[in-house]
Amino acid sequence: MTNQRRIAIAIDGPAAAGKSTVAKIVARKLNFLYIDTGAMYRALTWKALKEKVDVRDEERLYELLRHTAIELKQEGGAQRVLVDGKEVTEAIRLPDVTRNVSDVSKHERVRREMVKRQQQLAENGGVVMDGRDIGTCVLPEAR
Ligand SMILES: Nc1ncnc2c1ncn2[C@@H]1O[C@H](COP(=O)(O)OP(=O)(O)O)[C@@H](O)[C@H]1O
Ligand SMILES: Nc1ccn([C@H]2C[C@H](O)[C@@H](COP(=O)(O)OP(=O)(O)O)O2)c(=O)n1
């Protein structure tokens, strides 16, 4: 390991543009952590549905997020998602979550908290981040 600062890589684009495909390949080649930010919004959505929190209620969703630990783990080539220590990798891809995630991700307070967490994850570099707003908002200095 050199003491050269490891960079953070941002990959933005609309749905199905190929972001996660590229991000995973780049992360594997560089041995960086792949961070799927959409999975973080899905994780919160999953928890809101489980706890019967109305996804249109910004205040309650924000409070819920403040009490939710979202972990992204790399295992071999695969990424696992944990919510409060529970495995939700597959559950967050179910249609119920997909239907509700855009309502969750539209709330400003929720986004601000997610962006803060994503910036912390990228703080020490060595990450490839994929999402809708990474280069513009989360990592404006990435290039
Ligand atoms: N370079 C490419 N050429 C052809 N198909 C691709 C390419 N990159 C991705 N795909 C396919 O397009 C679809 C969406 O890609 P994905 O990486 O999941 O998009 P995103 O993460 O931007 O939503 C997937 O089915 C994937 O296999
Ligand atoms: N940085 C991000 C990443 C995802 N989102 C939103 C957009 C989508 O509705 C959900 C789910 O994202 P996901 O990456 O699973 O889906 P897409 O491939 O981007 O359609 O989260 C966001 O608002 N900001």
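Since this is a predicted model, take the numbers as computed values, not measurements. (Residues numbered from 1 in each chain as written. Chains lettered and ligands numbered in written order. Predicted model: local features only at pLDDT ≥ 70, side-chain atom pairs only at ≥ 80, totals over all residues. Heavy atoms only, no water.)

Strand order in the open sheet made by the three strands is β3-β4-β5, with antiparallel pairing throughout. Of all strands in the sheet, those bounded by a partner on one side alone are β3 (70–75) and β5 (86–87). As paired strands, β3 and strand β4 (residues 78–83) are joined by six bridges and run antiparallel to one another. Among the inter-strand pairings, Glu 71 is bridged to a residue of β4, identified as Leu 82. (Pairing = 2+ DSSP bridges. Helix = DSSP H or I, 4+ residues; strand = E, 2+ residues; numbered from the N terminus.)

Below, the discussion takes up the packing of aromatic side chains. For the coordinates displayed, the defined rule picks out zero aromatic pairs. Geometry around Tyr 62 places Arg 109 over its ring, the cationic atom sitting 4.0 Å from the centre. (Phe/Tyr/Trp six-rings, centres within 6.5 Å; stacked < 30°, edge-to-face > 60°. Lys NZ or Arg CZ within 6 Å of the ring centre and 35° of its normal.)

Attention now moves to the UniProt feature "domain: Cytidylate kinase" (unreviewed entry) in the protein chain. The UniProt record annotates "domain: Cytidylate kinase" (unreviewed entry) at residues 9–142. Helix makes up 49% of residues 9–142 and strand 20%, with an end-to-end C-alpha separation of 6 Å. (UniProt positions renumbered as here; feature names shortened; annotations may be inferred.)

Further remarks concern the nonpolar core. Core analysis: the biggest nonpolar cluster contains 32 residues, and Leu 44, Val 81, Val 110, Met 114, Met 129 and Leu 139 have the highest contact counts within it. Counting residues per element, the ones that place at least two in this core are α2 (37–50), α3 (58–66), β3, β4, α4 (95–105), α5 (108–122), β6 (127–131) and α6 (134–138). Of the residues forming this core, the biggest block, seven residues, is contributed by α2. Setting aside chain neighbours within four positions, we find Val 110 in contact with Tyr 41, Leu 44, Glu 58, Leu 61, Tyr 62, Leu 65 and Val 104. Among the nonpolar cores identified, the runner-up in size contains seven residues, and Ile 9, Ala 27, Tyr 34 and Val 128 belong to it. (Core = buried A, V, L, I, M, F, W, Y, C linked by side-chain atoms within 4.5 Å. Buried < 20%, exposed > 50% of the residue type's maximum accessible area, 1.4 Å probe, protein only. Contact = heavy atoms within 4.5 Å.)

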